[in-house]
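# Reading the structure
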Amino acid sequence: MLITFILVILGLFSSTMRELTRQVGHDGPKWIVLDGDIDPMWIESLNTVMDDNKVLTLASNERISLSSSMRLLFEISHLRAATPATVSRAGILYVNPQDLGWSSSVHTLMQGHTLTHTYDCPLSQCILALRYVTSWIDTRQAQSERANLTILFDKYVPYCLEQVRCNLKTITPIPENSMVQTLCSLLDCLLTEDNTPPDSPRELYEIYFVFACVWAFGGALFQDHLIDYRAEFSRWWSKEMRAVKFPSQGTVFDYFIDSDTKKFSPWIERTPRFELEPDVPLQTVLVHSAETICLTYFIDLLLQRGKPVMLVGNAGVGKTILVSDKVAKLKEDYMVAKVPFNYYTTSAMLQRVLEKPLEKKAGRNYAPPGTKKLIYFIDDLNMPEVDVYGTVQPHTLIRQHLDYNHWYDRQRLVLKEIHNCQYITCMNPTAGSFSVNPRLQRHFSVFAVHFPSAEALATIFTSILSAHFLQGGFSYGVSRSVGTLIQAAICLHQKISQNFLPTAIRFHYIFNLRDLSNIFQGILFALPDCVRYPIDLVHLWLHESSRVYSDKLMEEKDVELFNKILLDTGKRYFEGIDESIFIHQPLVYCHFAHGVGEPRYHQASDWEKLQKTLTDALEHYNELHAVMNLVLFEEAMQHVCRISRILEAPHGNALLVGVGGSGKQSLCRLAAFLSTLEVFQITLRKGYGIHDLRSDIAALYIKVGVKNIGTVFLHTDAQIPDERFLVLINDMLASGDIPDLFSEEEVDMIVTSIRMELRGLGLIDNRDNCWAFFIERIRRQLKVVLCFSPVGFTLRTRARKFPALVNCTAIDWFHSWPQLALQSVSTTFIEKIPDLEPDVRASISEFISYAHTSVNEVSVKYQQNEKHFNYTTPKSFLEFMKLYGNLLGTKRRELTQKMERLENGLQKLQTTASQVEDLKAKLAVQEVELWQRNTDTEALISKIGQQTDKLNQERAVADAEEQRVGTIQAEVTTQQQQSEEDLAKAEPALQAANAALNTLNRLNLTELKTFPNPPAIVTNVSAAVMVLLAPHGKLPKDRSWKAAKVVMSKVDDFLQALVNFDKEHIPESTVRCVRDEYLSDPEFNPEFVRLKSSAAAGLCAWVLNIIRFHEVHPIHTNTQCCIHPTHTNTQCCIHPTHTNTQCCIHSTHTNTQCCIHPTHTNTQCCIHSTHTNTQCSCLFPPQVFCEVEVKKLCLSQANADLAEAADKLEAIRKKLAELDCSLDTLTAAFEKATSEKLRCQDEVNHTNKTIELANRLVKGLEPGTMSRRRLCVETFC
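Residues numbered from 1 in each chain as written. Predicted model: local features only at pLDDT ≥ 70, side-chain atom pairs only at ≥ 80, totals over all residues. Heavy atoms only, no water.

## What about the overall build of the protein?
Formally: Only DSSP runs of H or I reaching four residues or more are called helices, and only runs of E reaching two or more are called strands; each is numbered from the N terminus. Note on exposure labels: buried denotes an accessible area under 20% of the residue type's maximum, exposed denotes more than 50%, and partly exposed covers the range between, all computed with a 1.4 Å probe on protein chains only. Contact criterion: two residues are considered in contact whenever any of their non-hydrogen atoms come within 4.5 Å of each other. In these tables, accessible area is a Shrake-Rupley quantity obtained with a 1.4 Å probe, and a residue counts as shielded only by the protein chains included in the view.
Of regular secondary structure, the protein possesses 46 helices and 23 strands. Counting over 1277 residues, the protein shows a buried share of 47%. A sequence separation of at least 24 residues applies to 73% of the contacts in the protein between residues at least 6 apart. Accessible surface, the protein: about 65,200 Å² in total, of which carbon and sulfur atoms supply 53%.

Here's what the structure looks like:
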């Protein structure tokens, strides 16, 4: 099995391996052919497949093994991007094309080999490719024809290949086998039954073979103004190949074979008659010449055979128009899909466009609707980005289709067989990647499209102008001047192309057929009343030439050189042409020369009238739109006229290039207003992306295309946050048709809206015609104006990536403003500044313009010396004037403020003189008030001192009480910690005992008592239980198993006795008996006993833990303290300093009173009233419980004492708080009195100072001082 694919995606490769692994029943090898260039990004993932592991590991950790019957074959053109790991894992077989050759002698090599072996090994596919010529000859029916062709191939092809290889140069690199393949394709088209009937003589075959050989090997040769390889090939052919003779005139490329006479005839005989359609834009008019006729002839032949065709030529030579005209005239059984390429075109985008016109057929087959044939017209084939490894994704997809007639579904990863499709491509060898991959190039028959010759240009434009003058009713003298005018235009174009060559900076200095067309498009604007005499036609041609050539020049010296060339050319071909034509009258043509209401293309009579017209239009614009403050100096008016001329032209799009502040947007808006066009401009916002731009353009298209509203799409470089925005703009400029701009529902809506309009025009209203009409209206009514800055490399890079930005627009380069323009703008600005003397206005205006010009000159020197740029733009000039206005206003405001301050000072002096006496009376009152405030403050200070002493005494008492309470609290905390520690020690044993009881139940106890003769350890456990359960510590004498069974006879009572066992009061004799007689036995272990009986094990655990609970503390005697074992009974267990005659909890109690219950006497037990003091079971018991209980009781009493002390302390604190509140009240009154005192003091001081200052001011009221101050005010005024 052979699985072949080009674009290797890991998902596609893994699915293919998985599919082959699952296949069974196929014993032969399974080949996976990876046909394409190696990309290290994915080839590294195959290293484990190619080494000894033979396993493909996916990102999902899935592993797919390469079975022994599976083979990998890489078919690549080079190993430049291969890593050593890849090369070392594969066997390399290098196939040299020069060694293989093309010769039909391969036929001898292949004899004796059947076709069965051809498909068993991929290497046979390579050999099969080498048999192309032989296999093609074998397809011919007549034996004589096959013999003649074999002889002719050996006779001509080797010499042609050698000549092309050694001495000639093609317009783009073309593989030799591609030339041979083109030869076979042309012969396949020419050797028909009509041209070469069966058994025709060899001479007839040789004529057609020579004709096909000339174009197969010479049709793609390079030609420019320096060298013409076609002419060299023609001379070589005429000299070396003399078997078939061409006519002596011209070259071998100037003739074709007449099918009737079987002789060579010039192509010019096939040129049709040209008829000019008035409403058709000149950019879309195709006037056939000998060059276009021969190209159309070969395109026809190859299209009929389904062969791919490629036209290669520089920008503006007519490739797109030629192909568009050809495909538009195809029969209805052809469909055409235009596929524009740009820098950001990807294979996924291309596949979506290619699949859009296809429909699904049976199985996995796809084809155009019905039986139609689909032609993909791909323009700018070499424009997509070349990745770091030298591959181009869209080219790989096209090659896959041409090689295998299929591509893969990107979601389901299944094959799609594509049928009835072929390609026509155009390519500019000086743009993009310059060339394409040879593996893709070899599929195309390549023809070079060169700039038309002078004779062809004369034929084209003579036909156009003659038809226009004839239809327009121009005078006879004007019509006679057509020939001379065209010769002058062609001569000027040649000189411009030779003198202004493109460079890295002057990247847009490319002058081609578009420029000549734009010149004559401007001439077609003129009406007979504009061009009455031949000199008027000359003036119009001078103007149009200046607009087309001069407007795109980027430096003043280039403009001067152009004007010199233009004048020299005009003097050479016409009379009465001199420099005065540019100096004494404005050589400006516009559509509003006679007013805005009369759109006639005419020459402006003088600058004053033109300025008045534009000023009125500007005022009208400001009434309807946002105000634009424009100064219409001479250069600004020229730019308005230039932009208006572009907008009035059909398919008129503009590229305005200038630094910031040049006025590009403002002048464009004014020009659009003059042409009655609306202006649309996107509004950037946060998150504005390519989808938002698509939505805005789609709405704009519906507005223009459906509603027929003329609109200018104004776009600046500041509105390009993403370079992919230019993809849409590039498509708008190139063809107007943006792929995937509308959904199918929106397209249906547009077609429905357009259909009635087509019916009204008498046109066929099918879907294709409606869409074509919609796009054509878009191109006519939507004017794209781009405002870009030339600073940096951005514009150059964009022009390289998106050629339509330069090729499909008219460039208007905004140069720096001249001195007069600067002075005009500054004068207008100065006039708006009020209160400025007339005699200084002119000087200020001249200085502002001089300062800006001087900075420009210094910036040039700075760039030359320091290699750094300092940009001074018109925006800088406007900011400079704005800065001057702001500074002038600031200084005026400062001066006004100083004048007001001086006048206010004089007024204050006069007012102060009358206020001095009032201040003195006020001062006397304030002094009396200050004395009273001082007296009150002293009395209040004495009262506060007394209150503070009382508060300090109470605070000392409170501190002592608080210290005593803290001591009691510390002791209580200590007792609490000791009680908790004792409880914590006893708690584990108690919990273990309860856990042991939980293991006992009625069932296992019943089982235990049924033992007739249990093990000794079980008998010991039951005996220990009987000892513990003995009442009042009386040890039972009979501890036998029989006695134990009697005790356990009532299981429920026995369990209840265990649960309610008094653990806290176990007699010492009982504990001693259990410890000595039973616990000393090593087998008395719950784990060991559990081997005999689970119930006995639970009883064993219970006994052990009860004894442990008892043994937590040693036994106390009555002479020991129940809380502190080291204390004797004569010491207090809480307060060691107390004697036994004092109560250790209540110091007021005597020893005859109970320290816990005051009503008890010392002879009574404070816990159990039946006990005497000689018993230790309550007051001084040896068990943990009683010790802890006593401690708890002592702790409770201590807590009560602590609460009592705390209450007492709280009462003292409340009293202190009351005293603090009283003191705070007095302090606040003191502070208030102090502040009032200070306020009065400040008022007195302020009044004294005021009187002092007033006295000084009064002295200044003398007549001499006042007169001097008045003089200062008058001076400021």
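Moving on from the coordinates now.
## So, the sheet that holds strand β15 (residues 421–427)
Note the following rule: The pairing criterion for strands is at least two bridges between them, as found by DSSP. For every element, the axis is a line fit to its C-alpha atoms; helices are fit only across the contacting stretch, and the angle between N-to-C directions ranges from 0 to 180 degrees.
Reading across the sheet, the five strands line up as β9-β12-β15-β8-β16 and stay open at both edges, with parallel pairing between neighbours. Whereas interior strands pair on both sides, the edge strands pair on one side only; in this sheet they are β9 (334–340) and β16 (445–448). Strand-to-strand twist of the sheet, defined as the mean angle between neighbouring strand axes without regard to direction, takes the value 20 degrees. The pairing of strand β8 (residues 309–312) with β15 spans four bridges and is parallel. From the neighbouring strand, Met-310 faces β15, where its bridge partner is Thr-425.

## Some words on the sheet that holds strand β20 (residues 678–680)
Reading across from one edge, β20-β21-β22-β19-β23 is the order of the five strands in this open sheet, with parallel pairing throughout. If you trace the sheet from one side to the other, it starts and ends with β20 and β23 (810–813), each paired once. Across the sheet, the mean angle from the axis of one strand to that of its neighbour is 25 degrees, orientation sign disregarded. Pairing geometry for strand β19 (residues 654–657) and β23, over four bridges, is parallel. Considered in β23, the bridge of Val-657 is made with Trp-813. Relative to the sheet, helix α27 (residues 664–674) contacts β19, β20, β21 (711–716) and β22 (782–788), its axis offset from that of β21 by approximately 180 degrees. In the packing of helix α28 (residues 690–706) onto the sheet, contacts are made with β20, β21 and β22, and the angle to β21 comes to roughly 160 degrees.

## Remarks on a nonpolar patch on the surface
Operational definition: Any residue with relative accessible area above 30% and no salt bridge may belong to a patch, with like charges joined within 9 Å and the nonpolar Val, Leu, Ile, Met, Phe, Trp and Tyr side chains within 5 Å. One side-chain nitrogen of Lys or Arg within 4 Å of one carboxyl oxygen of Asp or Glu is enough to make a salt bridge.
On the surface, a nonpolar cluster with roughly 230 Å² of combined accessible area is contributed by Leu-79, Val-87 and Ile-92. Relative to the helices and strands, Leu-79 is located in the loop between β5 (70–75) and α4 (84–88).

## Some remarks on the side chain of Lys-552
For the record, the criterion: Polar contact criterion, stated in full: a pair of N or O atoms within 3.5 Å, where within protein one must be able to donate a hydrogen and the other to accept it, and residues adjacent in sequence count only if both atoms are side-chain atoms.
With respect to the helices and strands, the residue Lys-552 is situated in the loop between α22 (534–549) and α23 (556–573). For Lys-552, a relative accessible area of 7% corresponds to the buried category. For Lys-552, the side chain forms a polar contact with the side chain of Asp-515, separated by 3.3 Å.

## Brief notes about the nonpolar core
The test is simple: Here, nonpolar core means buried Ala, Val, Leu, Ile, Met, Phe, Trp, Tyr and Cys residues that are tied together by side-chain atoms lying within 4.5 Å of each other.
Counting residues in each nonpolar core, the largest one holds 105 residues, and the members touching the most others are Phe-153, Phe-217 and Trp-237. Sorting elements by how many residues they give to this core places helix α11 (residues 202–218) first, with 13 residues. Once you skip the residues sitting within four places of it in the chain, Trp-237 turns out to touch Tyr-156, Cys-160, Val-210, Cys-213, Val-214, Phe-246 and Val-252. With 99 residues, the next largest nonpolar core counts Ala-458, Ile-682, Leu-728 and Leu-795 among its residues.

## Focus: the environment of Arg-230
Within the fold, Arg-230 resides in helix α12 (residues 229–240). A C-alpha to C-alpha distance of 8.3 Å links Arg-230 and Thr-251, two positions 21 residues apart in sequence. The residues touching Arg-230, leaving out its near neighbours within four places in the chain, are Trp-215, Gly-218, Gly-219, Leu-221, Phe-222, Gln-223, Phe-253, Ala-448 and His-450.

## Here's the deal with the pairing of β15
Burial analysis of β15 places seven of its seven residues in the buried class, the great majority of the element. Burial along β15 is two-sided: the residues Cys-421, Tyr-423, Thr-425 and Met-427 and Gln-422, Ile-424 and Cys-426 are all buried. As paired strands, strand β12 (residues 373–379) and β15 are joined by five bridges and run parallel to one another. Across the sheet, the residue bridging to Tyr-376 is Tyr-423, located in β15.

## Focus on the packing of helix α25 (residues 607–624) against α27
Using the following cut-off: Each angle is binned into one of four classes, with values under 35 degrees roughly parallel, values over 145 roughly antiparallel, values of 65 to 115 roughly perpendicular, and all other values oblique.
For the pair α25 and α27, the least separation of the axes is 10 Å and the interaxial angle reads 95 degrees. Between α25 and α27, the crossing angle belongs to the class labelled roughly perpendicular. Between α25, through Leu-614, Ala-617, Leu-618, His-620, Tyr-621 and Leu-624, and α27, the contact on the second element is made entirely by Arg-669, Leu-670, Phe-673 and Leu-674.

## Some thoughts on the pattern of salt bridges
Tallied over the full model, the rule gives 42 salt bridges. For Arg-777, the salt bridge goes to Glu-757, with nearest N and O atoms at 2.1 Å. Highlighted residues: Arg-777 in helix α31 (residues 767–781) and Glu-757 in helix α30 (residues 744–760), separated in sequence by 20 residues. Arg-777 sits in the buried class, given a relative accessible area of 8%.

## Observations regarding helix α18 (residues 454–472)
Inclusion rule: To estimate the expected span of a helix, count its residues, drop one, and scale the result by 1.5 Å.
For α18, with 19 residues, the first-to-last C-alpha span of 26 Å sits near the 27 Å given by 1.5 Å per residue. All of the buried residues in α18 are Ala-456, Leu-457, Ala-458, Ile-460, Phe-461, Ile-464, Leu-465, Ala-467, His-468 and Phe-469. Of the surrounding secondary structure, the elements contacted by the buried residues of α18 are α13 (290–304), α19 (476–480), α20 (482–499), α21 (513–525) and α22. Once α18 ends, the next one or two residues include Gly-473, with phi positive near 75 degrees.

## Description of the packing of α18 against α20
Let me state the cut-off plainly: It is the rotation of the near helix from the far one that decides the hand of a crossing: anticlockwise by less than a right angle makes it left-handed, clockwise makes it right-handed.
Across the interface, α18 lies against α20 with an axial gap of 9 Å and an inter-helix angle of 135 degrees. Classified by the interaxial angle, the pair formed by α18 and α20 is oblique. Between α18 and α20 the crossing geometry is right-handed. The segment α18 lies against α20, with Ala-454, Leu-457, Ala-458, Phe-461, Thr-462, Leu-465, Ser-466 and Phe-469 engaging Val-482, Leu-485, Ile-486, Gln-487, Ile-490 and Gln-494.

## Digging into helix α32 (residues 794–801)
What counts is decided by this rule: The arc in question is the one traced by the directions running from the helix axis out to the C-beta atoms.
Within the span of α32, buried status applies to Leu-795, Arg-798, Ala-799 and Lys-801. Each buried residue of α32 sits inside an arc of 165 degrees when the element is viewed along its axis, so together they form one side. On its buried face, α32 is in contact with β19, α29 (725–734), β22 and α33 (804–807).

## Digging into the state of the cysteines
For the record, the criterion: By definition, disulfides here are pairs of cysteine sulfur atoms that lie within 2.5 Å.
Applying the stated criterion across every chain, the model contains zero disulfides. Note on Cys-213: no disulfide assigned, nearest cysteine sulfur contributed by Cys-160 at a separation of 3.6 Å.

## A look at the packing of aromatic side chains
Each pair of aromatic rings is reported with the distance of its centres and the angle of its planes. Note the cut-off: Here a Phe, Tyr or Trp ring, Trp counted by its six-membered ring, pairs with any other such ring whose centre lies within 6.5 Å, and the pair is stacked when the planes are under 30 degrees apart, edge-to-face when over 60, and tilted otherwise. For a lysine, the NZ atom is tested; for an arginine, the CZ atom; a charge sits over a ring if that atom is within 6 Å of the ring centre and within 35 degrees of the ring normal.
Tallied over the entire structure, the rule returns 43 aromatic pairs. Judged by centre distance (5.1 Å) and plane angle (90 degrees), the ring pair of Tyr-343 and Tyr-344 falls under edge-to-face. The interplanar angle of 55 degrees and the centroid separation of 4.7 Å between the aromatic rings of Phe-469 and Phe-474 together place this pair among those described as tilted. In this structure, Arg-230 is placed above the aromatic ring of Phe-253, and the distance from its NZ or CZ to the ring centre is 5.0 Å.

## Considerations on unusual backbone geometry
With phi around 55 degrees, Asn-420 is a residue other than glycine that occupies positive phi space. Within the element layout of this structure, Asn-420 appears in the loop between β14 (415–418) and β15. One non-glycine residue, His-651, lies in the positive phi region at around 55 degrees. Its place among the elements puts His-651 in the loop between α26 (634–648) and β19.

## Section: the confidence of the model for the protein
Our working rule: Each residue gets a pLDDT score, which is the predictor's confidence in that residue and runs from 0 to 100.
Confidence along the protein averages 81 in pLDDT terms, with 87% of residues attaining 70 or more. Mean pLDDT across the elements of the protein ranges from a minimum in helix α6 (residues 106–110), with 34, to a maximum in β19, with 96. Low pLDDT, under 50, characterises residues 1–8; the stretch is placed with 38 contacts to residues that sit more than four places away or in other chains. In this model, residues 104–130 is a region of pLDDT below 50 whose contacts with residues beyond four sequence positions or in other chains number 23 contacts.

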